[in-house]
Amino acid sequence: MASLRVFLLFLIYISSFLSICFAGDPFVFYDWTVSYMTAAPLGVQQQVIAINGKFPGPIVNVTTNNNVVVNVLNRLDEDILYTWDGIQHRRNSWQDGVLGTNCPIPMDYNWTYQFQVKDQIGSFFYFPSLNFQRAAGGYGGIIVNNRDIIPLPFATPHGDITILIGDWYNRNHTDLRKTLDAGKSLGMPDGVLINGKGPYRYNTTLVPDGIVYESFEVHPGKTYRLRVHNVGISTSLNFRIQNHNLLLAETEGSYTSQQNFTNLDIHVGQSYSFLVTMDQNASTDYYIVASARFVNESLWQRVTGVAILHYSNSKGNARGPLPDPPNDVYDKTFSMNQARSIRWNVSASGARPNPQGSFRYGSINVTDLYVLKNKPPVMISGKRRAALSGISYVNPTTPIRLADDHHLKGVYKLDFPKMPLTGPPKMESSVINGTYKGFMEVILQNNDTTVQSFHLDGYAVFVVGMDYGDWTENSRGTYNKWDGVARCTVQVFPGAWTAILVSLDNVGVWNLRTENLDSWYLGQETYVRIVNPEPNNKTELPRPENAFFCGELKDLNKYKPNPRSFASSITGGKSKLLFTLQMFVLFAIFIFR
């Protein structure tokens, strides 16, 4: 037995030694099965996309610099990809989860996403990026917490609440796809969901009996952090809580100058953190409301989500009318002025000790200018399509990043126009040629009739200006060059422009798109390709070992359907060896105790 003890001590020593040698930023693991389930959020039975049998999916709760490993098993009847909106994937566009970088995960296959939330904090969300699937669910919140050594710019809240709001149709996402493919618009949504649930029955005419609604229990006098994400299809929503102020504190990874709102417009794809103090009389519950904006409110009354804020000592149900939405009849600039008022907190530390404002974006010389103009969908080659600057994007069968990795030619074109084309729009795989370490100015000009949200994967962009009318060179005189907020998704109002600045320091192929799902599906996107002329693993990680191949490279696939395979590239053999040794030690102790 003495020799056995010596042997076990030796194994424990080796295990501990390996733990020290391979110690670094912690790993966080998730194991997901993505499948259909039947639900009736608005009272109509339909097929939704669930993760591990839940709709919406689980919250990804991690801390700055964590390595995140998400094993996704596809049990749908079509391909999927997952994208992580706002997660910057430093040096690692391979994990971005869009068709420009990844081949889809086929039915009954799994794929393991592995990325680091490097030098990030804040509130984001994930969703399936293909085939209009976000319209059926499959989404969930992402929380990136501060490391303990980095102080919050506010007192630690009593609780943290994720709220997913979004417009919803009772038709399946496949039916919505067919509608768009047939050249038709989707029409008015059937309602608004809050955390996958329908509205509280605040109105017996508009809301049928039996609808399951969301309720959040809070304690009087406490302050909570509410992370609110618009995960919907195409509807801007106004968020408000009856009789409560919303103290804005963060948006998409940037702490903001704190200011109180009674309501805030949250556009498709956007995320905000509010600090809400429960300072009201607990004689009743209170309404939480998300209602459609910039529409005929008398016709769109049903497109309203209502949840309940329930004080732990509440004496009764919420009552009275819903809190009023903004009244734009006499102030057409209300929402734009609201957006302009959101500023970066330049004295707060972000994910690192240095203040957010230490990045002096306003003093950097611009190296490239792109003016991207969108218009209402048009017919191109007999199909109804949406376009940016006259280009309606077509995804090549071989993803751009994979084509680059295998030196394939002719897959895409690096000729996206810097100024909108004047001729008829065309369908092409046209990509922006970004300059590594350049500083790009992008003007988003919205000539459509609805608000459009634009998102750039892999980056936070500085929102420096917005106004109605057409952008001109003179518009730069109105730019905010000091504390414009850095975020990943920005709204562009109809008949207006928004200007963003972005430092192109993240090598890879990054999707630039509208978050309005119908316009995105119809081609309103492109990619920004950023290449280090001196490639090395310090600026971009190599292609992961578990990559799928498709298009011209499909014959390189080695994987077969295996519902429990766990393909790993970042954790690698070192952690497997460590895990094996530790399990052997535990097994030996159990056997010989």
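See the structure shown above.
Residues numbered from 1 in each chain as written. Predicted model: local features only at pLDDT ≥ 70, side-chain atom pairs only at ≥ 80, totals over all residues. Heavy atoms only, no water.

Concerning empty space enclosed by the protein
The following threshold applies: Method remark: on a 1 Å grid restricted to protein atoms, a set of points is classed as a cavity if a 1.4 Å probe fits but cannot get out and as a pocket if it is open with protein on both sides within 12 Å along at least five of seven lines; lining residues have an atom within 4 Å of a point. Grid points are joined across faces, edges and corners, and a volume is the space filled by probe spheres set on the points. Note that Gly is not counted as nonpolar here; it falls among the polar residues with everything else outside the nonpolar set of Ala, Val, Leu, Ile, Met, Phe, Trp, Tyr, Cys and Pro and the charged set of Asp, Glu, Lys and Arg. Helix and strand definitions here come from DSSP, where helices need a minimum of 4 consecutive H or I residues and strands a minimum of 2 consecutive E residues; each element is numbered from the N-terminal end.
Under the defined criterion, the tally for this structure stands at 4 cavities of 30 Å³ or more. What lines the largest cavity is simply Leu81, Trp94, Thr101, Asn102, Cys103, Ile105, Trp111, Tyr113, Leu402, Pro544, Ala547 and Phe548. A per-class count over the lining of the largest cavity returns 10 nonpolar, 2 polar and no charged. Of the pockets and cavities examined, the second largest cavity occupies roughly 50 Å³. As for the second largest cavity, its lining consists of Arg134, Ala135, Tyr139, Gly166, Asp167, Trp168, Leu193, Val231, Gly232 and Ile233. The element that contributes the greatest number of residues to the lining of the second largest cavity is strand 9 (residues 159-168), accounting for 3 residues.

Quick word on the environment of Tyr286
Cut-off, in case you're wondering: For this analysis, residues touch if any pair of their heavy atoms sits within 4.5 Å. Polar contact is the term for a pair of N or O atoms within 3.5 Å; when the atoms are in protein, one must be able to donate a hydrogen and the other to accept it, and sequence-neighboring residues count only if both atoms are side-chain atoms.
Looking at the secondary structure, you find Tyr286 in strand 18 (residues 286-292). For the pair Tyr286 and Lys332, spaced 46 residues apart in sequence, the C-alpha to C-alpha distance is 29 Å. In this view, Tyr286 contacts Gln242, Asn243, His244, Gln280, Asn281, Ala307, Ile308, Leu309, Tyr311 and Ala318; residues no more than four positions away in its chain are not counted. Reaching out from Tyr286, the side chain makes a polar contact with the backbone oxygen of Asn281 at a distance of 2.4 Å.

Concerning unusual backbone geometry
What counts is decided by this rule: Relative accessibility thresholds used throughout: buried, under 20% of the residue-type maximum; exposed, over 50%; partly exposed, between the two (1.4 Å probe, protein chains only).
Residue Pro56 is reached from Phe55 by a cis peptide bond, and omega for that bond is -5 degrees. Within the secondary structure layout, Pro56 lies in the loop between strand 2 (46-51) and strand 3 (60-63). Of note in the backbone geometry, Asn65 takes a positive phi value of approximately 75 degrees without being a glycine. Relative to the assigned elements, Asn65 resides in the loop between strand 3 and strand 4 (67-74). Its relative accessible area of 7% is what places Asn65 among the buried residues. In this model, Glu252 sits at a positive phi of 50 degrees, which is unusual for a non-glycine residue.

Quick look at the sheet that holds strand 31 (residues 496-503)
Two orientations exist for strands paired in a sheet by backbone hydrogen bonds: parallel and antiparallel. How we decide: Strand pairing is assigned whenever DSSP identifies at least 2 bridges connecting the two strands.
Strand order in this open sheet of 5 strands is 20-26-31-28-29, and the pairing throughout is mixed. At either end of the open sheet lies a strand with only one pairing partner, and these are strand 20 (368-374) and strand 29 (486-487). The pairing of strand 26 (residues 439-446) with strand 31 spans 8 bridges and is antiparallel. Looking at strand 31, one finds that Ile443 is bridged to Ala499.

Looking at the pattern of salt bridges
Put simply, the rule is: Salt bridges, as used here, are contacts in which a Lys or Arg side-chain nitrogen is within 4 Å of a carboxyl oxygen on Asp or Glu.
Under the criterion given, the structure shown has 26 salt bridges. Taking the shortest distance from any N to any O, the salt bridge between Arg352 and Asp119 comes out at 4.0 Å. Of this pair, Arg352 sits in the loop between helix 3 (334-340) and strand 20 while Asp119 sits in the loop between strand 6 (110-116) and strand 7 (122-128); the two residues are 233 residues apart in sequence, bridging distant segments of the chain. By relative accessible area, Asp119 is classed as partly exposed at 29%.

Overview of helix 2 (residues 173-181)
Keep this limit in mind: Picture the helix axis, draw a direction to every C-beta atom, and the arc is the one those directions span.
Listed in full, the buried residues belonging to helix 2 are His173, Leu176, Arg177, Thr179 and Leu180. Buried residues in helix 2, looked at end-on, bunch into an arc of 160 degrees, giving them a common side. Within helix 2, the exposed residues directed more than 90 degrees away from the buried face are Lys178 and Asp181. Those residues of helix 2 hidden inside the fold are in contact with strand 1 (27-39), strand 22 (383-385) and helix 5 (517-521).

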